[in-house]
Amino acid sequence: MQTLDPVSAAASGGLTSPAVARNTAAILAVLQAHLPARGRVLEIAAGSGEHAVAFARGLPGLQWTPSDPSPEARASITAWRDAAALPNLAAPLALDAADPLSWPPDGAVNGPPFEAVVCINMIHISPWAATEGLMSGAARMLRHPGGLLCLYGPYREADVPLAPSNAAFDESLKARDPDWGLRALEDVVGVARAAGLVLTLRTAMPANNLCLLFRRVQVASR
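All figures in this text were calculated on a predicted structure; none of them were measured in a lab.

## Some thoughts on the environment of A195
Mapped onto the fold, A195 is located in the loop between helix 6 (185–194) and strand 7 (197–205). For the pair A195 and P127, spaced 68 residues apart in sequence, the C-alpha to C-alpha distance is 18 Å.

Below you can see the structure in the form of structure tokens.
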């Protein structure tokens, strides 16, 4: 599964993305307002790893575990992690959202269950099966009611005109892979609800993106 936006090499030995520089502060502000002060967070499709470092630094009470199915991405995450030397940033997991066998069993790996799952800019750059896997996997990870799933990225919304920049982006994604493209928000909300995750907050973000917060409403069956 594709996870990396256009990137270049950084002095750390990791990869760097211009998109990360533009959106990190805005996303971090939402996370600081809604994540618990303590606990464990699992990041899906962490890409270059720059977000993981910034969020672990900005949320020092949380143990941040990045993940990505791409060996190239995990190498970059490791390089950024080594350079930052943050005590609350774990080594990256080889997790593919679409593959249930790659998720940690029962929401716990080397510690207690996760309090939150974060996924940035994956849903539109992956097949729909990755979104379905994200929702079912996040529901398993968030074993406690109220557990948080945070999504960030562009979406199509009923009765909201699509911004020209997002329309052009959607066309470019579909040209690269017909299984990619901006998803209808109602479809994402529907598959989340089926997994036991309810949308509780929609926040408009810069550059016509959205931050969506979902809460776990029932304990996963065992």
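The structure having been displayed, the exposition proceeds.
## Some words on helix 5 (residues 164–176)
Across its 13 residues, helix 5 extends 19 Å between first and last C-alpha, which sits within 8% of the 18 Å expected from 1.5 Å per residue. Regarding helix 5, the residues found buried are N166, D170 and L173. An end-on view of helix 5 places all buried positions within 65° of arc, on one side of the element. Those residues of helix 5 that are exposed and angled more than 90 degrees off the buried face are P164, E171 and A175.

## Remarks on the packing of helix 1 (residues 18–34) against helix 2 (residues 50–58)
Each packed pair of helices is defined by two parameters, the angle between the axes and the distance between the axes. For the pair helix 1 and helix 2, the least separation of the axes is 10 Å and the interaxial angle reads 35°. Seen from above, helix 1 lies across helix 2 with right-handed handedness. Judged by residue contacts, V20, N23, T24, I27, L28, L31 and Q32 of helix 1 engage E50, H51, A54, F55 and G58 from helix 2. For the contact of helix 1 with helix 2, the per-class residue count stands at 6 nonpolar, 5 polar and 1 charged.

## Structural notes on the nonpolar core
If you look at the biggest cluster of nonpolar residues, it comprises 31 residues, and the most contacted ones within it are I44, M122, L134, M135, L149, L151 and F214. Those elements that provide at least two residues to this core are strand 3 (39–44), strand 5 (116–120), helix 4 (128–141), strand 6 (148–153), helix 6 and strand 8 (209–216). It is helix 4 that contributes the most residues to this core, 6 residues altogether. Membership of the second largest hydrophobic core comes to 26 residues, among which are I27, F55, L86 and L213.

## Comments concerning the side chain of H124
One can find H124 in the loop between strand 5 and helix 4. Note on H124: relative accessible area 4%, which makes it buried. Contacts of H124, omitting those with residues within four sequence positions, involve P154, F169, L173, W180, G181 and L182.

## Quick look at the side chain of S76
Assignment of secondary structure puts S76 in helix 3 (residues 71–84). Judged by relative accessible area, which is 2%, S76 ranks as buried.

## Section: the sheet that holds strand 3
Across the sheet, which stays open at both edges, the 6 strands sit in the order 4-3-5-6-8-7 with mixed pairing between neighbours. A strand with exactly one partner marks an edge of an open sheet, and here the two such strands are strand 4 (62–66) and strand 7. Geometrically, the sheet is characterised by an average inter-axis angle of 20° between neighbouring strands, direction not taken into account. Note: strand 7 against strand 8, 8 bridges, orientation antiparallel. Bridging across to strand 8, V198 finds its partner in R215. Of the strands in this sheet, strand 3, strand 4 and strand 5 touch helix 2, which is tilted by about 175° from strand 4.

Thresholds applied
Here the residue numbering is sequential within each chain, running from 1 through the sequence in written order. Only residues with pLDDT of 70 or above have their local features reported here, since the model is predicted, and side-chain atom pairs are shown and tallied only from 80 upward, although totals for entire chains, interfaces and linings are computed over all residues. Side-chain measures here rest on the full set of heavy atoms in the structure, leaving out hydrogens and waters. For helices the rule is a DSSP run of H or I covering at least 4 residues; for strands it is a run of E covering at least 2, with both sets numbered from the N terminus onward. A helix is expected to span 1.5 Å for every residue after the first. Note on classification: 1.4 Å probe, protein chains only; a residue is buried when its accessible area is under 20% of the maximum for its type, exposed when over 50%, partly exposed between these limits. Picture the helix axis, draw a direction to every C-beta atom, and the arc is the one those directions span. In this analysis, axes come from line fits to C-alpha atoms, helices being fitted only over the stretch in contact, and the angle between any two N-to-C directions falls in the range 0 to 180 degrees. It is the rotation of the near helix from the far one that decides the hand of a crossing: anticlockwise by less than a right angle makes it left-handed, clockwise makes it right-handed. By definition in these notes, contact holds between two residues if any of their heavy atoms fall within 4.5 Å. Throughout this entry, Asp, Glu, Lys and Arg are counted as charged residues, while Ala, Val, Leu, Ile, Met, Phe, Trp, Tyr, Cys and Pro are counted as nonpolar. The remaining residues, Gly among them, count as polar. Nonpolar cores were defined as sets of buried Ala, Val, Leu, Ile, Met, Phe, Trp, Tyr and Cys residues, with membership established by side-chain atoms within 4.5 Å. Any two strands between which DSSP finds at least two bridges are classified as paired.

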